[in-house]
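What follows is the residue order along each chain.
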Amino acid sequence: MVWPTSWQIPCHASGLVLYIDRLVFKLSYFPFRSGAGGWMYALVLECGRLRPGPAYRMITLSASGESPFIDFSNCRDNTLDSSSIRVLPDVITIEEEARLVAELEGNMRRRRYVANHWDSVIERYREVEKRTWIDPPNAKIAQRIKDVILQTLHKPLTTRFLPVHVIDLAEDGFIKPHVDSSKFSGGLVCGLSLCSSAIMQLKGDVEQGQNPDSIVRLLLRPRSLYILCGNARYRYAHEILATRPEGEERWVDGRRVERSRRLSLIFRDEREDQGKREEACETDI
Ligand code: OGA
Ligand code: MN
């Protein structure tokens, strides 16, 4: 058999292209003339690496040290304790994620995404406060997440949490930099991400006298749990970056971070002196 050279490949060659991470596999199928003059068909498998085009500004997370999901390379703050930021991957299974999403879809169904307001911290979102779970396994998952948080930080398992705050961020939604109110919540802000990856950016909060050029980025994959405590919770503003501002793509470790609709379950501990004011927590967290 005569292996075709490139000039023999007709332009109507058809094929299948598969992208796996940044590897591209291309399977092409095309006819060519055999040495004996007849037609034969060839299947060619090509493999290569994708490179980001020059039109894209890259946001690169060069995670180093303890976690492959946290990038401290732009942190300009030696008072920030790296253990005050954690990302735990795969704290729930895909089945558990689907179960949580199914219940939350029911809660969100009648709500509309809040339209853009110039002064709002969150754009294009819906939210609910989850006090009880209808599906019993979901209640167990939520309890397990609380236990994981407390065990990770070596805190007493009796620590009380505020009702879970659920945010449904539309594909084009985002959360601007802010520091969570500490009116009712204590020193922990933790989030379980569902459905879509996202990048959380922490930036020194100017109002707390911090350097805004000190930046830490977290890659939040679906089913991962992030934990912010200490300075990361009180002195850094956190934000969830937008999907893809004009001409910009987000890459992490050579992989593109596609943001689509994302649900997050936010777990905040109760302020220690708030025990008696539990009712007040119902409306303001
Ligand atoms: C918030 C918040 C982040 C997230 O609700 O205050 O910062 O992961 N959410 O949704
Ligand atoms: Mn927040």
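Residues numbered from 1 in each chain as written. Chains lettered and ligands numbered in written order. Predicted model: local features only at pLDDT ≥ 70, side-chain atom pairs only at ≥ 80, totals over all residues. Heavy atoms only, no water.

Draft legend 1. Representation of the overall build of the protein within the structure. Of regular secondary structure, the protein possesses three helices and 16 strands. Across the protein, contacts joining residues at least 24 apart in sequence account for 73% of those joining residues at least 6 apart. For the protein, the accessible area works out to roughly 15,700 Å², and carbon and sulfur atoms hold 52% of it. (Helix = DSSP H or I, 4+ residues; strand = E, 2+ residues; numbered from the N terminus. Contact = heavy atoms within 4.5 Å. Areas by Shrake-Rupley, 256 points an atom, 1.4 Å probe, with all protein chains shown as cover.)

Draft legend 2. Representation of the packing of helix 1 (residues 94–108) against helix 2 (residues 136–152) within the structure. Two elements in contact, helix 1 and helix 2, have axes whose closest approach is 10 Å; the angle formed by their N-to-C orientations is 115°. As summarised for this structure, helix 1 and helix 2 are arranged roughly perpendicular, according to the angle between their axes. As for the relative orientation of helix 1 and helix 2, their crossing is left-handed in sense. Note on element contacts: helix 2 touches helix 1 through Pro137, Asn138, Ile141 and Arg144, opposite Glu96, Arg99, Leu100 and Glu103. For the contact of helix 1 with helix 2, the residue count by class is three nonpolar, one polar and four charged. (Axes fitted to C-alpha atoms, helices over the stretch in contact; angles between N-to-C directions. Parallel < 35°, antiparallel > 145°, perpendicular 65-115°, else oblique. Left-handed = near helix turned anticlockwise from the far one by under 90°. Nonpolar A, V, L, I, M, F, W, Y, C, P; charged D, E, K, R; others polar.)

Draft legend 3. Inspection of the side chain of serine 67 at higher detail. By the element assignment, serine 67 lies in the loop between strand 4 (57–61) and strand 5 (70–71). Of the polar contacts made by the side chain of serine 67, one reaches the backbone nitrogen of phenylalanine 69; its length is 3.0 Å. (Polar contact = N/O pair within 3.5 Å; in protein donor to acceptor, adjacent residues only side chain to side chain.)

Draft legend 4. Focus on helix 1. With 15 residues, helix 1 extends 20 Å between its outermost C-alpha atoms, agreeing within 8% with the 21 Å of an ideal straight helix rising 1.5 Å per residue. Among all positions of helix 1, only Glu96, Glu97, Leu100, Val101, Glu103, Leu104 and Met108 are buried. (Expected span 1.5 Å × (residues − 1). Buried < 20%, exposed > 50% of the residue type's maximum accessible area, 1.4 Å probe, protein only.)

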